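# An overview of the molecular structure
This is what each chain is made of:
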Amino acid sequence: MDGLDYMQSQRVNGYHKPYTGRREPLSTEQLDSLIADARIDHNKEYQKPPALLMIDGVPVLTKGSMSTIQGSPKSRKSFLATYIAAKYLNPAAPLLAGDHITVPMDVRDRRVLWFDTEMGQYYASQVGKRIFGLAGDAVKNRLDLYDLRGYGHTVRREAIDHVVSMDGDDAAIIVIDGVRDLLLDVNKPDESTEVTEFLLSITARFPDTHLITVVHTTKMPGSEMARGHQGSDLAAKSESVIQVVKDTHTKDLSTVKGVHTRGEGFDEFALRIVDGLPVVDTSVRISQATGRPRGVQFSDFAFDKHADIITRTFQPDDTQAMGTTDLRNALKGVMEAHYLDEGKEFGMERAGVFINEYKRHGYIVDVSESTRARYQLDHDRIVRIKRKEVLALPPK
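Bringing helix α8 (residues 303-313) into the picture now. For an α-helix the count is 3.6 residues per turn, leaving residues at separations of three or four pointing the same way. Among all positions of α8, only H306, A307, I309, I310, T311 and T313 are buried. Against α9 (324-339), α10 (348-360), β15 (364-366), β16 (375-377) and α11 (379-386) lie the buried residues of α8.

On to the confidence of the model for the protein chain, then. Per-residue confidence for the protein chain averages 82 on the pLDDT scale, and 85% of its residues sit at or above 70. This model gives residues 1-15 a pLDDT under 50, and the stretch forms 31 contacts once residues within four places in sequence are excluded. Every residue in residues 287-293 scores below 50 in pLDDT, and together they form 15 contacts with partners more than four places removed in sequence or on other chains.

As a further point, take the pairing of strand β11 (residues 240-246). Of all 7 residues in β11, 5 are buried; the element is thus mostly enclosed. Two elements, β11 and strand β12 (residues 253-261), share 7 bridges in a ladder whose sense is antiparallel. Pairing of V244 across the sheet is with V256, part of β12. The turn linking β11 back onto β12 is made up of 6 residues.

Turning our eyes to something else, we now look at helix α4 (residues 121-135). The first and last C-alpha atoms of α4 sit 21 Å apart over 15 residues, in line with the 21 Å expected at 1.5 Å per residue. Among the residues of α4, those classed as buried are A124, Q126, V127, G128, I131, F132, L134 and A135. On its buried side, α4 packs onto α3 (77-89), β7 (111-116), β8 (143-147) and β14 (277-280). Residue G136 follows α4 closely and has a positive phi angle near 100°.

The next point concerns the sheet that holds strand β4 (residues 58-62). Strand order in the open sheet made by the 3 strands is β4-β3-β6, with antiparallel pairing throughout. If you trace the sheet from one side to the other, it starts and ends with β4 and β6 (101-102), each paired once. One ladder, built from 4 bridges, connects strand β3 (residues 51-55) with β4; its direction is antiparallel. Looking at β4, one finds that A51 is bridged to T62. Contacting β3, β4 and β6, α3 crosses the sheet at an angle of about 120° to β3.

Bringing the sheet that holds strand β13 (residues 269-274) into the picture now. Strands sit in the order β8-β7-β9-β10-β5-β11-β12-β13-β14 across an open sheet of 9 strands; the sheet is mixed. The two strands at the open ends of the sheet, each matched to only one other strand, are β8 and β14. Within this sheet the neighbouring strands show an average axis-to-axis angle of 20°, counted without direction. Pairing between β13 and β14: 4 bridges, direction antiparallel. Residue I273 lies in a different strand from β14, and its bridge partner there is P278. Contacts from α3 reach β5 (65-71), β7, β8, β9 (171-177), β10 (210-216), β11, β12, β13 and β14, with the element oriented near 165° to β7.

Reading guide: rules and limits
- Residues numbered from 1 in each chain as written.
- Predicted model: local features only at pLDDT ≥ 70, side-chain atom pairs only at ≥ 80, totals over all residues.
- Heavy atoms only, no water.
- Buried < 20%, exposed > 50% of the residue type's maximum accessible area, 1.4 Å probe, protein only.
- Helix = DSSP H or I, 4+ residues; strand = E, 2+ residues; numbered from the N terminus.
- Contact = heavy atoms within 4.5 Å.
- pLDDT = per-residue confidence, 0-100.
- Pairing = 2+ DSSP bridges.
- Expected span 1.5 Å × (residues − 1).
- Axes fitted to C-alpha atoms, helices over the stretch in contact; angles between N-to-C directions.

Set out below in structure tokens:
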């Protein structure tokens, strides 16, 4: 029995063994076999995973990987997942043609598995109706949709594993809408890691599928951080993290952007709700969508560039603590003077979002409850970030 039998579930009478998350330690012989399979052969030419869906020619969903769709509540995350599922099932449908999203010809004949944990039977059934409204009724036999709202978090996991074990070989895309409901506490590292390992086991067992998870972002306005330890875990393991932001001025419009992808990024685009169905509105340029400039995002800058920004913000004496209002004003001034492209805006609310992200990533630390001297630079960490010795993630 080789090492891959322990990295991926075996087949038993056409059925994949379920993921348990627990097992006896491997023997030395089994470990030797596993390591032999895991070792990269420098003389071998490895093939890039085939794409299942591309945006602007950029592979966004590839076989054997996982991605995350994130956003605040009611930002239309599920609508984007609906559009992606419909696009895969019938890319030539009239409501889906003409956008900048493509599905390669050789991967178009497989199924979509969709698990909803939040909405209940009626609203989950509406997901199917939207997909058929976009892709046509002919794809009904290629979509399996499950409502798991009424069950506990461990039963939901077992149910997903059971369905995937039976039908994963025929699926190209698996959607879990509400992955937060697969555990009790999104801020518990052990629970979060267990769920992430469960999700990754699906991609390992079914290398021709792509798994899409749908999660909430933190409550800070404009945040690009998925909620809790689980959100951070998923983002770190995802091939693509896609953010959906509801426009506050145009009620039927949301913006879709790539927070990060493994390859090149894709241009932001507009998702509009027309007669209850999500469609890509190619006539809308995001910078012009509401007649105002697009706001600056934390992800617009590399981690080492953020180290420069926040260090400059604390000048002239970067050893002194700063209060909340003073730090917002200083950051706003630094951004406007040195880092904004023409037409970009950076207001006090956006400064607050950046400050929250700087705290989460460990650039600054709370040193006092006082509003006049609350934040201080973590000099050692910033030096290590600039040297690329550490990723800009919160210290444990």
